[in-house]
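# Structural characterization, general
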Amino acid sequence: MTTHPMGNPSVPPLRTIGELRAALTMGYGFPGDADDFEAELAREINHSDPADLTGIVRLVEEFRGRIAARQDPAFDAAVGAAISEIQAARETAE
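Parameters at a glance
- Residues numbered from 1 in each chain as written.
- Predicted model: local features only at pLDDT ≥ 70, side-chain atom pairs only at ≥ 80, totals over all residues.
- Heavy atoms only, no water.
- Phe/Tyr/Trp six-rings, centres within 6.5 Å; stacked < 30°, edge-to-face > 60°.
- Helix = DSSP H or I, 4+ residues; strand = E, 2+ residues; numbered from the N terminus.
- Buried < 20%, exposed > 50% of the residue type's maximum accessible area, 1.4 Å probe, protein only.
- Salt bridge = Lys/Arg side-chain N within 4 Å of Asp/Glu carboxyl O.

### Observations concerning the packing of aromatic side chains
All chains considered together, the criterion is met by two aromatic pairs. Ring centres 5.2 Å apart and planes at 70 degrees place the aromatic pair Phe37 and Phe63 in the edge-to-face group. Residue Phe37 is located in helix α2 (residues 33–47), and its partner Phe63 is located in helix α3 (residues 54–71); the two are separated by 26 residues in the primary sequence. Phe37 gets classed as buried once you look at its relative accessible area, which sits at 0%. With relative accessibility at 1%, the residue Phe63 sits in the buried group.

In structure tokens form, the structure reads like this:
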């Protein structure tokens, strides 16, 4: 049985960098994430000490989280609520 991050069956498995790349390419992240991931991964690989790949691990965790957030139905609602609050605060300040 395949496990899915955050228990969301709509998200493909993200066990490997290849699966993460595929998910980003298929549009599971935010717009531009696939290109951003590739650029940041290349930068990390080129500047990492072969004995310390923590930067790559951090990057993979970040983009796995971005995919999970983007696929969470509550995420868009939370962003919309925050935008409304900011707009209301701006209007009150004027």
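### Examining the pattern of salt bridges
Inspection of every chain in the model, using the stated rule, returns six salt bridges. Its salt-bridge partner being Glu44, residue Arg58 comes within 3.4 Å of it at the nearest N-O pair. Of this pair, Arg58 sits in helix α3 while Glu44 sits in helix α2, and the two are 14 residues apart along the sequence. Residue Arg58 is classed as partly exposed on the basis of its relative accessible area of 39%. In this structure, Arg58 and Glu62 form a salt bridge, with 3.0 Å as the shortest nitrogen-oxygen distance. Linking Arg58 with Glu62, this pair stays in helix α3, spanning four residues, or about one helical turn. Given the relative accessible area of 34%, Glu62 is considered partly exposed. Three or more residues are tied together by salt bridges with common partners; here these are Glu44, Arg58 and Glu62.

Purely spatial values, then, with no claim about function.
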